[in-house]
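Structural overview for review
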Amino acid sequence: MDTQLKRGLLDVCVLAAIKSEDSYGYKIIKDMMPYIELSESTLYTILKRLETANMLTVRTTEHGGRLRKYYRITGLGLKRIEDFKDEWKEILSIYRFVTREDNENE
């Protein structure tokens, strides 16, 4: 898969994982696990990129004697998810075009 496309998909997946409630790294990975495999190093790179793009905010809280970062989606992050849904319709249309001969031969 194209690296840029995959990067964009992972960004949206992370945003979707925190859409309904604030979350932290391990929980985000756990929530995404049934759908996609994501390493901690990849996740934290994505979280930093999304924070820099103002699509999420970060707060640090003590939990069990340790500091834990919680991530919250912003309005820009919610907009990115909605934009992705619109873009996905176009991607599906392109996919149908590319595979149309395969479907005609079946």
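Each value, and the rule that gives it
- Residues numbered from 1 in each chain as written.
- Predicted model: local features only at pLDDT ≥ 70, side-chain atom pairs only at ≥ 80, totals over all residues.
- Heavy atoms only, no water.
- Helix = DSSP H or I, 4+ residues; strand = E, 2+ residues; numbered from the N terminus.
- Polar contact = N/O pair within 3.5 Å; in protein donor to acceptor, adjacent residues only side chain to side chain.
- Contact = heavy atoms within 4.5 Å.
- Buried < 20%, exposed > 50% of the residue type's maximum accessible area, 1.4 Å probe, protein only.
- Pairing = 2+ DSSP bridges.

With that settled, consider the side chain of D22. Summarising the element assignment, D22 is placed in the loop between helix 1 (3-17) and helix 2 (25-32). Within polar-contact distance, the side chain of D22 engages the side chain of R59 at 3.4 Å. In this structure the side chain of D22 is engaged in a polar contact, spanning 2.9 Å, whose partner is the side chain of R72. Residue contacts for D22: discarding those within four places in its chain leaves R59, Y71 and R72.

It is worth spelling out unusual backbone geometry at this point. With a phi close to 60 degrees, N54 is a non-glycine residue in the positive phi region. Here N54 lies in the loop between helix 3 (40-52) and strand 1 (56-63).

Relative to the elements of secondary structure, T61 occurs in strand 1. A relative accessible area of 29% means that T61 is categorised as partly exposed. Apart from residues lying up to four places away in sequence, T61 is in contact with R66, L67, R68 and Y70. Polar side-chain contacts of T61 include one of 2.9 Å to the side chain of R59.

The next thing to look at is the side chain of T99. Looking at the element boundaries, T99 is found in the loop between helix 4 (75-98) and helix 5 (100-104). A distance of 2.9 Å separates the side chain of T99 from the backbone oxygen of Y95, its partner in a polar contact.

Okay, the pairing of strand 2 (residues 66-73) next. As judged from the 8 bridges shared by strand 1 and strand 2, these two strands associate in the antiparallel manner. Paired with T60 across the bridge in strand 2 is K69. What sits between the antiparallel neighbours strand 1 and strand 2 is a turn of 2 residues, in which G64 has the positive phi angle 60 degrees.

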